[in-house]
Amino acid sequence: MPDVSDIAPDFTLPRDGGGEVTLSDLRGDTVVLFFYPRDDTPGCTKESIGFSEQLQSFADAGAQVFGISRDSVAKHDKFVAKHNLTTPLLSDEGSSVCEDYGVWVEKNMYGRKSMGIERSTFLINAEGKIVHVWRKVKVPGHVDEVLEVTRNLAAIIS
């Protein structure tokens, strides 16, 4: 499970709208990766809309933002269209990236155990190092907190 000061595990994943994203190709930019359980559920929708609404603010702070779930690209495309999302969504259908980041975990809901994504966000600096991790994220206020830390990172760099 990667943590602060570790090099972020590299990956190449397909994204909504077509094409692929390779994390190591983004070196030189700050990257925010938010892992979320499933498209079109209440918390995931609020989080994705929140990041989309603040996407320009993240860009102004020198950061690119990507959402990652196990949903297919086709499901991402429907989710993006339904909610006018602007944040790129990456598909990790095989869970390998979720496992690499330690967010594919056993969950216990109403006494029933199952595997799922633990809502988590990773802030990665321009050198590819993890500089902040949020685990077991609660959606209200999260995007603003990530933006503030991202801005502080940008201020330190400049």
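Given the structure is predicted, the values throughout are model-derived calculations rather than measurements.

### Some thoughts on the overall build of the protein chain
- Each helix and strand in the protein chain was counted, giving five helices and nine strands.
- If you list the helices and strands of the protein chain from N to C, you get β-β-β-α-α-β-α-β-α-β-β-β-β-α.
- Taken over the C-alpha trace, the protein chain has a radius of gyration of 15 Å; the compact-globule value for 158 residues is 15 Å, and the two agree within 12%.
- Expressed along its principal axes, the backbone C-alpha trace of the protein chain runs to roughly 50 × 30 × 30 Å.

### What to know about the environment of Gly 62
- Looking at the element boundaries, Gly 62 is found in the loop between helix H2 (55–60) and strand E4 (63–69).
- Judged by relative accessible area, which is 35%, Gly 62 ranks as partly exposed.
- As a C-alpha pair, Gly 62 and Lys 75 span 13 residues in sequence and 29 Å in three-dimensional space.
- Not counting chain neighbours up to four residues away, the residues in contact with Gly 62 comprise Asp 29 and Thr 30.

### A look at the sheet that holds strand E3 (residues 30–35)
- The strand order across the open sheet formed by five strands is E5-E4-E3-E8-E9, and the pairing between neighbours is mixed. Each edge of the sheet is formed by a strand with only one pairing partner; in this case those strands are strand E5 (89–91) and strand E9 (130–134). Across the sheet, the axes of successive neighbouring strands diverge by a mean angle of 20°, strand direction being ignored.
- Inspection of the sheet shows E3 paired to strand E8 (residues 120–124) by five bridges, in the antiparallel sense.

### A look at the pattern of salt bridges
- Evaluated as defined, the whole model comprises four salt bridges.
- Of the charged contacts in the structure, one is a salt bridge between Asp 16 and Arg 15, with a shortest N-O distance of 3.6 Å.
- A salt bridge links Lys 82 to Asp 40; the shortest N-O distance between them is 2.9 Å. Of the two residues, Lys 82 is situated in helix H3 (residues 73–83) and Asp 40 in the loop between E3 and helix H1 (42–53); the sequence distance between them amounts to 42 residues.
- Since its relative accessible area comes to 55%, Lys 82 is described here as exposed.

### Quick notes on the pairing of strand E6 (residues 104–109)
- Little of E6 sits out of view: just zero of its six residues are buried.
- When E6 meets strand E7 (residues 112–117), the two strands line up antiparallel, connected through six bridges. Pairing of Glu 106 across the sheet is with Met 115, part of E7.
- The turn linking E6 back onto E7 is made up of two residues, and Tyr 110 within it adopts a positive phi angle of 55°.

### As for the nonpolar core
- Phe 11, Leu 23, Leu 33, Phe 35, Ile 68, Tyr 101 and Ile 124 are the most contacted members of the largest nonpolar core, which has 21 residues in total.
- Per-element accounting of this core gives the leading share, three residues, to E3.
- Of all hydrophobic cores here, the second largest spans 19 residues; its members include Val 32, Leu 123, Val 146 and Leu 153.

Calculation notes
Residues numbered from 1 in each chain as written. Predicted model: local features only at pLDDT ≥ 70, side-chain atom pairs only at ≥ 80, totals over all residues. Heavy atoms only, no water. Helix = DSSP H or I, 4+ residues; strand = E, 2+ residues; numbered from the N terminus. Rg over C-alpha atoms; globule rule 2.2 N^0.38 Å. Buried < 20%, exposed > 50% of the residue type's maximum accessible area, 1.4 Å probe, protein only. Contact = heavy atoms within 4.5 Å. Pairing = 2+ DSSP bridges. Axes fitted to C-alpha atoms, helices over the stretch in contact; angles between N-to-C directions. Salt bridge = Lys/Arg side-chain N within 4 Å of Asp/Glu carboxyl O. Core = buried A, V, L, I, M, F, W, Y, C linked by side-chain atoms within 4.5 Å.

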